[in-house]
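Structural description and commentary
Read off the chains here:
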Amino acid sequence: MIHPPTVLAIELSTSRGSVAVVRGGDVLFESAFASQRSHNSQLFEPLHSALTAAGNDLDRIVVGLGPGSYTGVRIAIAAAQGISMTRGIPALGLPSILCPQAAHLSTSFAVIGDARRDGFFVSTISDNQVTERGIQIFSSEELKKWLSENENLPTYTYDAKMVKISPAILTHPSAV
């Protein structure tokens, strides 16, 4: 009997890291941890448990690529590459904006965040894919206009500062 692929996912682009093993719609393992600047020391215990849960059935690895913490993303990529090379399986990167934890009830939503230098990013997701507009950069006035024009679209953010200036729901990216 052919089973759906078993996927290890690593998400370290924010201060809340997560690791999961999923097969089809079944979550075989999930772990999350908070870490401001020590993802490297926090990752290995849940990663070991995830690999144990996957056993020899691991088919691929998915890594969250941000936007977010450059250091966290690099650590996730390095871990995924190491496992990929030793097990001979592919490692893929996906934008972390595709997987807000709070978005499990909807396949269409937006993720907003601070793009620094007085700018904000907005990414619209439709049917679980980034729309053709990709990630857009807006000024604060443009963001306000966009929010008013899209008030019925569920909007999430990974940045607590954004909740103060927008109706976005604070969440984290999820490895699941």
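Structural notes on the sheet that holds strand β3 (residues 26-34)
Taken in spatial order, the five strands make up an open sheet running β3-β2-β1-β4-β5, and their pairing is mixed. What marks the edges here is a single partner per strand, and that holds for β3 and β5 (91-94). For this sheet, the mean inter-axis angle between neighbouring strands, taken without regard to orientation, is 15 degrees. Across five bridges, strand β1 (residues 6-11) lies against strand β4 (residues 58-64) in parallel orientation. Bridge pairing in β4 links Ala-9 to Val-62.

Notes on helix α3 (residues 140-149)
Listed in full, the buried residues belonging to α3 are Leu-143, Trp-146 and Leu-147. The arc that holds every buried residue of α3, seen down its axis, measures 100 degrees, which confines them to one face. Exposed positions of α3 whose direction lies more than 90 degrees from the buried face are Glu-141, Lys-144, Lys-145 and Glu-149. The elements touched by buried residues of α3 are β6 (109-116), β7 (119-126), β8 (129-138), β9 (155-157) and α4 (160-165).

Some words on the side chain of Thr-171
Inspection of the secondary structure puts Thr-171 in the segment after β10 (169-170). Among the residues examined, Thr-171 registers a relative accessible area of 5% and is labelled buried. Beyond its immediate stretch of four places on either side in the chain, Thr-171 contacts Pro-100, Gln-101, Ala-102, Tyr-156, Thr-157 and Tyr-158.

Some details on the pattern of salt bridges
This structure, assessed with the given rule, holds five salt bridges. When the shortest N-O distance is used, the salt bridge between Arg-23 and Asp-57 registers 3.3 Å. In this pair, Arg-23 sits in strand β2 (residues 16-23) while Asp-57 sits in the loop between α1 (39-54) and β4, placing the two residues 34 residues apart along the sequence. A relative accessible area of 21% means that Arg-23 is categorised as partly exposed.

Here's the deal with the pairing of β6
Alignment of β6 against β7, held across seven bridges, turns out to be antiparallel. The residue bridging Arg-116 from the neighbouring strand is Gly-119, located in β7. Where β6 hands over to β7, the hairpin turn is made up of two residues, of which Arg-117 adopts a positive phi near 50 degrees.

Overview of the sheet that holds β8
Each strand in a sheet pairs with its neighbour through backbone hydrogen bonds, running either in the same direction (parallel) or in the opposite one (antiparallel). The sheet built from five strands is open, its strands ordered β8-β7-β6-β9-β10 with mixed pairing. Lying at the two open borders of the sheet, with one neighbouring strand each, are β8 and β10.

Focus: the packing of aromatic side chains
Tallied over the entire structure, the rule returns one aromatic pair. For the pair Phe-109 and Tyr-156, a centre-to-centre distance of 5.7 Å together with 70 degrees between the ring planes defines the contact as edge-to-face. You can see Phe-109 sitting in strand β6 and its partner Tyr-156 sitting in strand β9, a full 47 residues away along the chain. By relative accessible area, Tyr-156 is classed as buried at 6%.

Topic: unusual backbone geometry
With glycine set apart, most residues show a phi of negative sign, and most peptide bonds adopt trans. In this model, Gly-66 is joined to Pro-67 through a cis peptide bond whose omega is 15 degrees. Along the chain, the position of Pro-67 falls in the loop between β4 and α2 (70-87). One non-glycine residue, Arg-116, adopts positive backbone phi at about 70 degrees. Residue placement: Arg-116 occurs in strand β6. Since its relative accessible area comes to 52%, Arg-116 is described here as exposed. A positive phi angle, close to 50 degrees, is found at Arg-117, a residue other than glycine. Note on placement: Arg-117 falls in the loop between β6 and β7. Overall, the relative accessible area of 84% leaves Arg-117 in the exposed class.

Rules used in this analysis
Residues numbered from 1 in each chain as written. Predicted model: local features only at pLDDT ≥ 70, side-chain atom pairs only at ≥ 80, totals over all residues. Heavy atoms only, no water. Pairing = 2+ DSSP bridges. Helix = DSSP H or I, 4+ residues; strand = E, 2+ residues; numbered from the N terminus. Axes fitted to C-alpha atoms, helices over the stretch in contact; angles between N-to-C directions. Buried < 20%, exposed > 50% of the residue type's maximum accessible area, 1.4 Å probe, protein only. Arc of directions from axis to C-beta. Contact = heavy atoms within 4.5 Å. Salt bridge = Lys/Arg side-chain N within 4 Å of Asp/Glu carboxyl O. Phe/Tyr/Trp six-rings, centres within 6.5 Å; stacked < 30°, edge-to-face > 60°.

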